[in-house]
Amino acid sequence: MSVYYIFLLNKLQCVTKKSIYEMKRAGRINKEWHLAHPMPQNANTGQRIAWHLEHIKHCSCRGIPEKLLEEMKNRGIMIPADKK
């Protein structure tokens, strides 16, 4: 798998070709929201879930990671199908 490094929200991010495609397909990044609501450093699972639930309300740059969706399902946290 090819890995690329891009600047996203003023940070160097490691991305794959698939994630670049998904970002383009999903739509624009809500830069203002991302700058005001960064993911906490060393976030635990509960913090990651809370961040992603807010993220899908304000930005369509990407979906929730599969592993986190699985954990949310295990915890009984439901999200709209169109927001996955």
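Residues numbered from 1 in each chain as written. Predicted model: local features only at pLDDT ≥ 70, side-chain atom pairs only at ≥ 80, totals over all residues. Heavy atoms only, no water.

Novice: Lay out the side chain of His52 with the relevant residues and their values.
Specialist: Positionally, His52 belongs in helix H3 (residues 45-58). Residue class for His52 comes out buried when judged on its relative accessible area of 3%. Every residue in contact with His52, bar those within four places of it in the chain, is listed here: Met39, Ile64, Pro65 and Leu68. (Helix = DSSP H or I, 4+ residues; strand = E, 2+ residues; numbered from the N terminus. Buried < 20%, exposed > 50% of the residue type's maximum accessible area, 1.4 Å probe, protein only. Contact = heavy atoms within 4.5 Å.)

Novice: So what's going on with the nonpolar core? Which residues, and what values?
Specialist: Side chains of a nonpolar character, in soluble globular proteins, are inclined to be buried together. Counting residues in each nonpolar core, the largest one holds seven residues, listed as Ile49, Ile56, Ile64, Leu68, Leu69, Met72 and Ile79. Breaking this core down by element, the ones donating at least two residues are H3 and helix H4 (66-74). The leading source of residues in this core is H4, at three residues. In this structure Leu68 touches Thr45, Arg48, Ile49 and His52, once residues within four positions along its chain are discounted. (Core = buried A, V, L, I, M, F, W, Y, C linked by side-chain atoms within 4.5 Å.)

Novice: Please set out the pattern of salt bridges residue by residue, giving values where relevant.
Specialist: Proximity of charged atoms lets side chains of opposite charge pair with each other. Under the definition given, this model contains two salt bridges. For Lys57, the salt bridge identified is with Glu54, shortest N-O distance 3.0 Å. Taken as a pair, Lys57 and Glu54 lie in helix H3 at a separation of three residues, close to a single helical turn. With a closest N to O distance of 2.8 Å, Arg75 and Glu71 form a salt bridge. (Salt bridge = Lys/Arg side-chain N within 4 Å of Asp/Glu carboxyl O.)

Novice: Could you give an account of the packing of aromatic side chains, naming the residues involved and the relevant values?
Specialist: Overall, the coordinates contain one aromatic pair when judged by the stated rule. Ring geometry for Trp33 and Trp51: centres 5.4 Å apart, planes at 55°, overall tilted. Of this pair, Trp33 sits in helix H2 (residues 31-36) while Trp51 sits in helix H3, and the two are 18 residues apart along the sequence. Across the pair, Trp51 and Trp33 agree in class, each one buried. (Phe/Tyr/Trp six-rings, centres within 6.5 Å; stacked < 30°, edge-to-face > 60°.)

Novice: Which residues make up H3, and what values do they have?
Specialist: A rise of 1.5 Å per residue sets the reference length of H3, with its 14 residues, at 20 Å; its end C-alpha atoms lie 20 Å apart and thus fit the reference within 8%. Looking at H3, one finds that the buried residues are Ile49, Trp51, His52, His55 and Ile56. Down the axis of H3, the smallest arc covering the buried residues is 165°, so these residues share one side. Contacts made by the buried residues of H3 are with H2 and H4. Sitting at the amino-terminal end of H3 is Asn44, which places a side-chain oxygen 3.1 Å from the backbone nitrogen of Gly46. (Expected span 1.5 Å × (residues − 1). Arc of directions from axis to C-beta. Polar contact = N/O pair within 3.5 Å; in protein donor to acceptor, adjacent residues only side chain to side chain.)

Novice: Lay out the packing of H3 against H4 in plain terms, naming residues and giving numbers.
Specialist: The contact between H3 and H4 brings their axes to 11 Å, and the two run at 100°. It follows that H3 is roughly perpendicular to H4 by the angle criterion. The residues of H4 that touch H3, namely those facing Thr45, Arg48, Ile49, His52 and Leu53, are Leu68, Glu71 and Met72. A breakdown of the residues in the contact of H3 with H4 according to their chemical character gives four nonpolar, two polar and two charged. (Axes fitted to C-alpha atoms, helices over the stretch in contact; angles between N-to-C directions. Parallel < 35°, antiparallel > 145°, perpendicular 65-115°, else oblique. Nonpolar A, V, L, I, M, F, W, Y, C, P; charged D, E, K, R; others polar.)

Coordinates in, geometry out; function isn't part of it.
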